[in-house]
Every structure is written in structure tokens, then in C-alpha cells.
Amino acid sequence: RVDANSGAFHAYPMRFLRTLDDGRFAVALEILPPQKALPRVLLRRARLLGGAPQAINVIQRPGRQSSLDASIALHQAGIEPAWHLVTRGRSRAEIESDLEAAATAGIDQVLCILGDHAGTAGPDRPTIREAIAMTRARISIWLRFWSCPLNMFHRPMNRMTATAPTARMTTTLT
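A brief look at the structure comes next.

Rules of the game
Residues numbered from 1 in each chain as written. Predicted model: local features only at pLDDT ≥ 70, side-chain atom pairs only at ≥ 80, totals over all residues. Heavy atoms only, no water. Core = buried A, V, L, I, M, F, W, Y, C linked by side-chain atoms within 4.5 Å. Buried < 20%, exposed > 50% of the residue type's maximum accessible area, 1.4 Å probe, protein only. Helix = DSSP H or I, 4+ residues; strand = E, 2+ residues; numbered from the N terminus. Contact = heavy atoms within 4.5 Å. Salt bridge = Lys/Arg side-chain N within 4 Å of Asp/Glu carboxyl O. Expected span 1.5 Å × (residues − 1). Arc of directions from axis to C-beta. Pairing = 2+ DSSP bridges. Axes fitted to C-alpha atoms, helices over the stretch in contact; angles between N-to-C directions.

The biggest cluster of nonpolar side chains holds 15 residues, and the ones touching the most others in it are Trp83, Leu85, Leu99, Ala102, Cys112 and Ile139. Looking at this core, the elements with two or more residues in it are helix H3 (67-76), strand E3 (81-86), helix H4 (92-105), strand E4 (110-113) and helix H5 (128-138). Sort the elements by how many residues they give to this core and H5 lands first, with four residues. Each residue touching Ile139, except ones within four places of it in the same chain, is listed here: Trp83, Leu99, Ala102, Ala103, Ile107, Asp108 and Val110. Membership of the second largest hydrophobic core comes to ten residues, among which are Leu42, Val58, Ala70 and Ile79.

Have a look at this one:
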């Protein structure tokens, strides 16, 4: 919600999930971080729809502020972000480092995806399933994954759904 006096945005923890659980229509806003760390630009984008969105998805694109850094900045400003953890072409150590930073910062909404951009396969490159397991192990506070089919070739997608006592997970695999 947006405070009428200060214009500050106040997130309700887990608003998106709570709205869906209540059977109501949920709104998610997807934003692109600026090319470099520009807090005012980032906050303006996140507040674009005022208090209407229950979630702010922070996408990852090359040449931009990282989704993680932007998500941490939004979280510190009282906005509940959904961090896009792109795994394609990233080493296990890089993913672990980002997961540690996210957990330390209190980020508890993660969209774990392969991503659109080319990456190299290798022995230290985890599969999407391994990255999801790594995320579950590192971020244990009501971890949520949302489905976000990044399928620029319009191929049919397989969907795997699993529910754990403290996690709701939907992943999209191509």
C-alpha cells in the first residue's frame, strides 16, 4: 500500500501468495533494473502502479543492475521483491554466493529460471533442478517459486509442481 502522506510504499509480507490463497485476483509488476545502481529510478519503477501489485518481479538482463542487487535495494526500501535467479551459464559457486547474499538480506521470494541468454555447459554448472535444490537449502523462510515461462521459441513446456510444508513451488522446465 502507499502511504498518503509520505508516498512511501509499505509491503505486506507474502501479499502475492496470500492473495492467491484467498482466491482473489493477484497483480504482479515486472520491472527492469536501471543500467547502474540508481535507487530513485528503481523505486519509481517499483511504485509505478502504487499499491496495486502484490509482488514486484525484478528481472535479470545483461548490462543492467543485477536482479539481486535491485531486489536487495527494494527490500531495504520496504518493498517485497521477487528476485529472478538466472542459472544458465553460471557456476555452482556463483549461485551459492548469490543465495547467501539473498538470504542475508532477507530476500524470500525467488524465481529460479534458466534465462534467455546463452551460457556454457560445464561440470560446475548445475541443472535447473540442482539450482532449485540449492535455493531450497539456502533460503528456508517460506520459500516460493513462481512459474514464469521464458520460452521465446513458443515450444510446449513441461510443468512440475511439488509442495513442501514450508514451500510452494512451481517450476517451468524447457
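Let's pick the thread back up.
Enumeration over the complete set of coordinates arrives at six salt bridges. The residue Glu96 makes a salt bridge to Arg138 at a minimum N-O spacing of 2.8 Å. Here Glu96 is found in helix H4, whereas its partner Arg138 is found in helix H5, with 42 residues between them in sequence. A residue is classified by how much of its surface remains accessible, and Glu96, at 26% relative accessible area, is partly exposed. For Arg138, the salt bridge identified is with Glu100, shortest N-O distance 2.7 Å. Note that Arg138 is positioned in helix H5 and Glu100 in helix H4, a separation of 38 residues in sequence. Overall, Glu100 belongs to the partly exposed group, its relative accessible area being 36%.

On to H4, then. The first and last C-alpha atoms of H4 sit 20 Å apart over 14 residues, in line with the 20 Å expected at 1.5 Å per residue. By the burial criterion, the buried members of H4 are Ile95, Leu99 and Ala102. An end-on view of H4 places all buried positions within 65° of arc, on one side of the element. Exposed and oriented more than 90 degrees from the buried face of H4 are Ala93 and Thr104. On its buried side, H4 packs onto H3, E3 and H5.

With that settled, consider the sheet that holds E3. The parallel open sheet is built from four strands, whose spatial order is E1-E2-E3-E4. Whereas interior strands pair on both sides, the edge strands pair on one side only; in this sheet they are strand E1 (28-31) and E4. Across this sheet, the average inter-strand angle for adjacent strands is 25°, counted without regard to direction. Sheet topology places E3 next to E4; four bridges connect them, and they run parallel. Across the sheet, residue Trp83 finds its bridge partner in E4, namely Val110. On top of the sheet, helix H2 (residues 39-46) reaches E1 and strand E2 (55-58); it is set at about 150° to E1, its chief contact.

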